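Spelled out from the first residue to the last, the chains are:
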Amino acid sequence: QVQLVESGGGLVQAGGSLRLSCAASGRTFSSYAMGWFRQAPGKEREFVAVIRRSGGSTYYADSVKGRFTISRDNAKNTVFLQMNSLKLEDTAVYYCAAGRDTYFLASKSSTSEYDYWGQGTQVTVSS
């Protein structure tokens, strides 16, 4: 069992930056691939980024590539999402999730690939 708690969301102007954190409980954090998803009002939850359990490989949605960076600290059971050059369309509730590790990170873009989810943190980008 893994419990996930996101933090770091807030209100930011377009072009600004935020760093989200996701703290995990349990001793098995380092065995999971960790992903970030987001959900805007009236829209389905969409994939943002994923990182392998070792932290050695990452994969991003095209919409955030070059602006967002996912990283993890296995010693602290935490995964991060650094978000730069934020746009209005990045406004959403952001969720972290834990799932089975795999070499094929593109397969982790589906919500069904994850077993555990956090409660989400709101990110609002204003003009």
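Throughout, a residue's number is its position along its own chain's written sequence, starting from 1. Residue-level local features of this predicted model are given only where pLDDT is at least 70; pairs of side-chain atoms are given and counted only at 80 or more, and the full residue set underlies all totals for whole chains, interfaces and linings. Think of the side-chain values as coming from all heavy atoms in the structure, minus any hydrogens and water.

1. Brief notes about the state of the cysteines
Step number 1: Working definition: a disulfide is two cysteine sulfur atoms within 2.5 Å of each other. Per the stated rule, a full pass over the model turns up 1 disulfide.
Step number 2: The partner cysteine of cysteine 22 in its disulfide is cysteine 96, sulfur to sulfur 1.9 Å. Measuring the twist about the S-S bond at about 50 degrees, one finds the cysteine 22-cysteine 96 disulfide to be right-handed. Placement of cysteine 22 in strand β3 (residues 18-24) and of cysteine 96 in strand β9 (residues 92-100) is noted, with a sequence separation of 74 residues between them. For the purposes of this entry, the term helix denotes a DSSP run of H or I that reaches at least four residues, the term strand denotes a run of E that reaches at least two, and both are numbered from the N terminus.

2. Focus on the side chain of arginine 72
Step number 1: By the element assignment, arginine 72 lies in strand β7 (residues 68-73).
Step number 2: Pairs of N or O atoms within 3.5 Å make up the polar contacts considered here, provided that, within protein, one atom can donate a hydrogen while the other can accept it, and that residues adjacent in sequence are counted only when both atoms are side-chain atoms. Here the side chain of arginine 72 touches tyrosine 32 through a polar contact of 2.8 Å, landing on its backbone oxygen.
Step number 3: Of the polar contacts made by the side chain of arginine 72, one reaches the side chain of asparagine 74; its length is 2.7 Å.

3. Let's talk about the nonpolar core
Step number 1: By nonpolar core is meant a set of buried Ala, Val, Leu, Ile, Met, Phe, Trp, Tyr and Cys residues that side-chain atoms within 4.5 Å join together. The classification of residues rests on relative accessible area computed with a 1.4 Å probe and restricted to protein chains. Under 20% of the type maximum is buried, over 50% is exposed, and intermediate values are partly exposed. In terms of nonpolar packing, the biggest core is built from 38 residues, with Leu4, Met34, Trp36, Leu81, Met83 and Tyr94 touching the most fellow members.
Step number 2: Elements with a minimum of two residues in this core: β3, β4 (32-39), β5 (46-51), β7, β8 (78-83), β9, β10 (114-117) and β11 (121-126).
Step number 3: Not counting residues within four places of it along the chain, the set of residues in contact with tyrosine 94 comprises Glu6, Leu20, Trp36, Phe37, Arg38, Val48, Phe68, Leu81, Met83, Gly120, Thr121 and Val123. We call two residues in contact when some of their heavy atoms are within 4.5 Å.

4. A word on the sheet that holds β8
Step number 1: Pairing between strands is defined by DSSP: at least two bridges between the two strands are required. In spatial order, the strands read β1-β3-β8-β7; together these 4 strands make up an open sheet with antiparallel pairing. Two strands bound the open sheet, and with one partner strand each, they are β1 (4-7) and β7. Adjacent strand axes in the sheet meet at a mean angle of 15 degrees when their direction is disregarded.
Step number 2: With 6 bridges connecting them, β7 and β8 associate as antiparallel partners. Paired with serine 71 across the two strands is phenylalanine 80, which belongs to β8. As a rule, the C-alpha atoms of each element are fitted with a line to give its axis, helices using only the stretch in contact, and angles between N-to-C directions run from 0 to 180 degrees.

5. Concerning the pattern of salt bridges
Step number 1: Within this document, salt bridges are pairs made up of a side-chain nitrogen of Lys or Arg and a carboxyl oxygen of Asp or Glu, the two lying within 4 Å of each other. Under the definition given, this model contains 7 salt bridges.
Step number 2: For the salt bridge of arginine 38 with glutamate 46, the shortest nitrogen-to-oxygen distance reads 2.6 Å.
Step number 3: Three or more residues are tied together by salt bridges with common partners; here these are Arg38, Glu46, Arg67 and Asp90.

6. Re the pairing of β1
Step number 1: Taking every second residue as pointing to the same face, the buried face of β1 carries Leu4 and Glu6, while none of Val5 and Ser7 on the other face is buried.
Step number 2: With 4 bridges joining them, β1 and β3 adopt antiparallel strand pairing. Looking across to β3, one finds that serine 7 is bridged to serine 21.

7. Thoughts on unusual backbone geometry
Step number 1: One non-glycine residue with positive phi stands out, namely asparagine 77, at about 50 degrees.
Step number 2: The topology assignment puts asparagine 77 in the loop between β7 and β8.
Step number 3: With a relative accessible area of 19%, asparagine 77 lands in the buried category.
Step number 4: Positive phi values are uncommon outside glycine, yet serine 85 reaches one of about 50 degrees.
Step number 5: For serine 85, the position within the fold is in the loop between β8 and β9.

8. Here we look at the environment of serine 17
Step number 1: Positionally, serine 17 belongs in the loop between β2 (10-13) and β3.
Step number 2: When near neighbours in sequence (up to four residues on either side) are disregarded, serine 17 contacts Val12, Gln82, Met83, Asn84, Ser85 and Leu86.
Step number 3: Of the polar contacts made by the side chain of serine 17, one reaches the side chain of asparagine 84; its length is 2.9 Å.

These figures come from the coordinates and say nothing about function on their own.
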